[in-house]
Amino acid sequence: MKLDRREFLKLAGLTSAAALGGRVLRPVTASAKEALIRGPYDGGEWVASCCNMCGGQTGILCQVVDGRLVRIKPNDHNPNGFSNVSGDFFDNAAKEGAVICPKGNAGIMALYDPDRLKTPLRRTNPEKGMGVDPRWKAISWEEAYGEIASRLKSLREANEAHKLLWFSEDHSFTHPQGDFCKLYGTPNYNMHSNLCDVGRKASFKILMGDERPLIDALNSKYMLIFGWNPLSATKWAHLPRIITRGIERGARLVIVDPHLSYTASKAQEWVPIRPGTDGALALAMAHVILRDGLQDQAFVDAWVTGFDSFREYVKDKTPKWAQGITTIPAERIERLAREFAATKPAIVDVWSGAHHTNGVYAGWAIAALAAITGNVEKPGTLTLPNAKGSKHIEVEPDGTAKKTLKQIRLDGGKDKWPYFHKSGVYTEIINRILDGKGPYQPKMAVIVFQNLLMSVVGTKNTEEALKKLDFIVVVDTMMSETAQFADIAIPGTTYLERYDLNTHWVTWPVVGLRQPVVKQLFGQPAEYEFVCELGRRLGLKEENGNEVFWQGRMSGARIEDKTRWYEEWLSKELKEGEPKVTLEELKALPGATWVSKKGTKYNKHEDPIPAEKAADAITENNILYSKKKDGTKDKQIGMLKPDGTAVRGFFTPSGKLELHAAKHESKVDAKGRPLKPLPVYEPREWQPSSGYPLFLINWKEASQTHSRTQNNAYLAELKSTDGLRINAETAARLGISDGDLVRIESPYGKVKMKAELTEGIHPEVVGTQHGWGHWAMGRTAKGRGAHTGFLAKTVACPLSGQSLNKEICVNVFKA
């Protein structure tokens, strides 16, 4: 079975609102879209599910004919492919139809990729390294399970369970993996989030106590976005639609980015900025707003703390001061500040612009612009999502596990990183394995759907760290660069062959089901079944003796069939969570999507706390906390206003938006430096020098996901590689012409690419799309482009632990 290439290319352009065309695309009518995708296939079954070609989890409908997937199209019943605001979804989705991006359209080739792993493999060559042949030997599932379980058992019996490292993707079957690690006894469970947005999470957590506010672009009149490409690097498929629809309704879009991204090309204004100086621009804008009295003083008085300290700090952060740092003319900074403050409602946001050593403070300064102008929790501003979905049922480890769970994490955890995220600190783990200066040396790693050699900065360091581990298990659909270091490689499943629950990132509660569309192609278990089998072989139990990996969570009965065991697991999470439905009931809903009728709610910080709930809460410093079963303090639920009224507020120590963080005064960062109580600007640590005079950045686009999809033949038709973008004037100074092969060098390595000359990049900057440069993965991916990880330092943000893949300086020569 194959989808005609031309049909795919047309479909990709049609159903992605801004990924491919040269203009802002208007939504296509449902009838026109249906006519295009009807194609030559009739009959069969349509199965509702959720995409996982990236972390966006867009709703999809999959046509299956005679047991084979023949087509994927958007699921109009799932808001994630349409809008993040409930009123827009309820009123317009049925008329206009949802969307998926090119990657989602190409999912069929992820399933039927001829280079997929098909059977367990054992390494027979003890030598490991890039380019070293593992000399694989195919083995049975029993042999694979037996050896992995034996290794894990030996580690646990030696009271060394904490020396197991576990890495996983962050949107797929994380609960069974996390529970396995907890019951086994290792504190070292890590997820992809550390490589993505924990810097942004930290910035907004400081300001508002919520890690991921969402933009209500549809209702906004001014969108100021730092270092993000949402029209192409579609974090969620609804983003292109709501942003372009906001523009159609009169909003102004301003993009601050060193590179003329696809989103910048569609904005009314592109502001090229020197990398790592976003915080200085934000502070200078705050200076203008406060100098000219343009703040929302009523909102500040009611809901902001630290305003006076912040105003004093920015008094000398003038546009002229910022001009020398950012290279943005002072006059332009003045205008942007006045425009932003005067236009309501407005959005200000930042994503990968936080991928620098000063990124958390920069993100906090950017978020402060929303606070002082009152652009929080109102239509058209930054909104706090009500992301209630399924509920993870926590497990209680037994005494054996508790002993090793007391061990400090290898990366130092929250004791070292003041804004540590549960996803871990990948670079710290690599560095501690290498230098042996951690609290212990790990011995074994299980790596599920993660390609550390392509995703962790400092590729050579990652290589050397992997070589130091005694035993590595990799579970993946492809023979990735990291899988080549495995002692046992396990064939994984695609999202089209397994279950998951997705609490979607829209502003009101929505849960979408991912379910098997076809049977596992090679008879391999789904990853949660693989974890379950290991748990069974190891005899892992809770403290009360409950055999978690045998017991059905709904029936309480012992269940042999691991798929049915997981189906009960999901039903329990649904019943205990917001939906209050079983898995079968979720399947029966339109589009297999549960959508709360409560809808989007704004101004949640003003919501009153019911009197009985407030009376039962623990109150400390006017902050209300719920109680645990033992009567001790649990989660923050609200605050007391000066008149004694109990309201939700913001989940910060003060219950308000914090421009001054008093809690910082007693904390230090990972380098032992006192935390700053204000969103200060300090230069990032790695700056250009005479030897390496250029900033190197990278970005994401709709044509690929990270380093995961480069072997997809359909996506290769859209874009098969990427070059190095260089400002034309810079290139002329270096004697480089368009199309020349160039050598890019840093203190840590060198790579080669073809030069792409453009006016659309800051003259001090060169850049490329992230994810190219595979030397494994498969026949389509191998040998295309270059991997910038070889040029990077293995370093993390000292506050959040964010892996810093944008803090690189290089020199460029004609090869």
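## Observations concerning the domain arrangement of the chain
Here's step 1: In terms of domain boundaries, the chain breaks down into domain 1 (214-383), domain 2 (604-659) and domain 3 (694-814).
Here's step 2: Each of domain 1 and domain 2 has a C-alpha centre, and these two points are 30 Å apart.
Here's step 3: In this complex, domain 1 contributes 15 residues to the contact, which on the side of domain 2 involves 13 residues.
Here's step 4: Note on domain 1 versus domain 2: buried area summed over both sides is about 1,200 Å², and carbon and sulfur give 68% of it.
Here's step 5: On the domain 1 side of the contact with domain 2, Trp303, Thr305 and Glu377 bury the most area, a combined 59% of that side's loss.
Here's step 6: Linking domain 1 with domain 2 are one salt bridge.
Here's step 7: Between Lys604 and Glu377 there is a salt bridge; the shortest N-O distance is 3.0 Å.
Here's step 8: Applying the counting criterion to the domain 1 and domain 2 interface returns five residue pairs in polar contact (both at pLDDT 80 or more).

## Examining the sheet that holds strand β27 (residues 724-727)
Here's step 1: The strand order around the closed barrel formed by six strands is β26-β30-β27-β29-β28-β31, and the pairing between neighbours is mixed. For this sheet, the mean inter-axis angle between neighbouring strands, taken without regard to orientation, is 45°.
Here's step 2: Relative to strand β31 (residues 808-814), strand β26 (residues 694-699) is paired through three bridges, and the arrangement is antiparallel. If you follow Phe695 over to β31, its bridge partner there is Cys809.

## Thoughts on the pairing of strand β13 (residues 346-350)
Here's step 1: Within β13, five of the five residues are buried, leaving the element largely enclosed by the surrounding structure.
Here's step 2: By the alternation rule, side chains of β13 split into Ala346, Val348 and Val350 and Ile347 and Asp349, which are all buried.
Here's step 3: By the bridge criterion, five bridges tie strand β9 (residues 222-226) to β13 in an arrangement that is parallel. Bridge assignment links Met223 to a residue of β13, and that residue is Ile347.

## Thoughts on the sheet that holds strand β6 (residues 164-168)
Here's step 1: Spatially, seven strands are ordered β5-β4-β17-β16-β15-β6-β7 in an open sheet, and the strand pairing comes out mixed. Both edges of this open sheet fall to β5 (136-138) and β7 (189-191), since each of them pairs with a single strand only. Neighbouring strand axes in the sheet, compared pairwise and without regard to direction, differ in orientation by 20° on average.
Here's step 2: Relative to strand β17 (residues 488-491), strand β16 (residues 471-476) runs parallel, the two sharing four bridges. The residue bridging Val475 from the neighbouring strand is Ile490, located in β17.
Here's step 3: Each of β6, β7 and β15 (444-448) touches helix α7 (residues 174-184); the most contacted strand, β6, lies at about 170° to it.
Here's step 4: Contacting β6, β15, β16 and β17, helix α22 (residues 527-538) runs over the sheet at an angle of about 145° to β16.

## Thoughts on the packing of helix α11 (residues 278-291) against helix α16 (residues 359-372)
Here's step 1: One can describe the packing of α11 onto α16 by two numbers: an axis separation of 7 Å at closest approach and a directional angle of 25°. The orientation of α11 with respect to α16, classified from their angle, is roughly parallel. Note that α11 runs across α16; the crossing there is left-handed. Only Ala362, Ala365, Ile366, Leu369 and Ile372 of α16 make contact with α11, whose side of the interface consists of Asp278, Gly279, Ala282, Leu283, Met285, Ala286, Ile289 and Leu290.
Here's step 2: Broken down by class, the residue content of the contact of α11 with α16 amounts to 11 nonpolar, one polar and one charged.

## What to know about a positive patch on the surface
Here's step 1: A cluster of basic residues, Lys391, Lys575, Lys580, Lys629 and Lys635, forms a positive patch at the surface.
Here's step 2: Inspection of the secondary structure puts Lys391 in the loop between β14 (382-383) and α17 (399-405).

## Description of the pattern of salt bridges
Where charged atoms from two side chains of opposite charge approach closely, those side chains can pair.
Here's step 1: Under the criterion given, the structure shown has 65 salt bridges.
Here's step 2: A salt bridge links Lys378 to Asp296, with the nearest nitrogen and oxygen atoms 3.7 Å apart. Of this pair, Lys378 sits in the loop between α16 and β14 while Asp296 sits in the loop between α11 and α12 (297-303), and the two are 82 residues apart along the sequence.
Here's step 3: On the basis of relative accessibility, which here comes to 27%, the residue Lys378 falls in the partly exposed class.
Here's step 4: Lys587 is the salt-bridge partner of Glu584, the closest N and O atoms lying 3.4 Å from each other. Of the two residues, Glu584 and Lys587 are both situated in helix α24 (residues 583-588); the distance of three residues between them amounts to about one turn of the helix.
Here's step 5: The class of Lys587 is partly exposed, set by a relative accessible area of 26%.

Scoring rules and cut-offs
Residues numbered from 1 in each chain as written. Predicted model: local features only at pLDDT ≥ 70, side-chain atom pairs only at ≥ 80, totals over all residues. Heavy atoms only, no water. Domains from an automatic or database assignment. Contact = heavy atoms within 4.5 Å. Buried area = accessible area lost by both parts, 1.4 Å probe. Salt bridge = Lys/Arg side-chain N within 4 Å of Asp/Glu carboxyl O. Polar contact = N/O pair within 3.5 Å; in protein donor to acceptor, adjacent residues only side chain to side chain. Pairing = 2+ DSSP bridges. Helix = DSSP H or I, 4+ residues; strand = E, 2+ residues; numbered from the N terminus. Axes fitted to C-alpha atoms, helices over the stretch in contact; angles between N-to-C directions. Buried < 20%, exposed > 50% of the residue type's maximum accessible area, 1.4 Å probe, protein only. Parallel < 35°, antiparallel > 145°, perpendicular 65-115°, else oblique. Left-handed = near helix turned anticlockwise from the far one by under 90°. Nonpolar A, V, L, I, M, F, W, Y, C, P; charged D, E, K, R; others polar. Patch = residues over 30% accessible without salt bridge, like charges linked within 9 Å, V, L, I, M, F, W, Y side chains within 5 Å. Areas by Shrake-Rupley, 256 points an atom, 1.4 Å probe, with all protein chains shown as cover. Lys, Arg positive; Asp, Glu negative; His and termini not counted. Charge placed at Lys NZ, Arg CZ, Asp CG, Glu CD.

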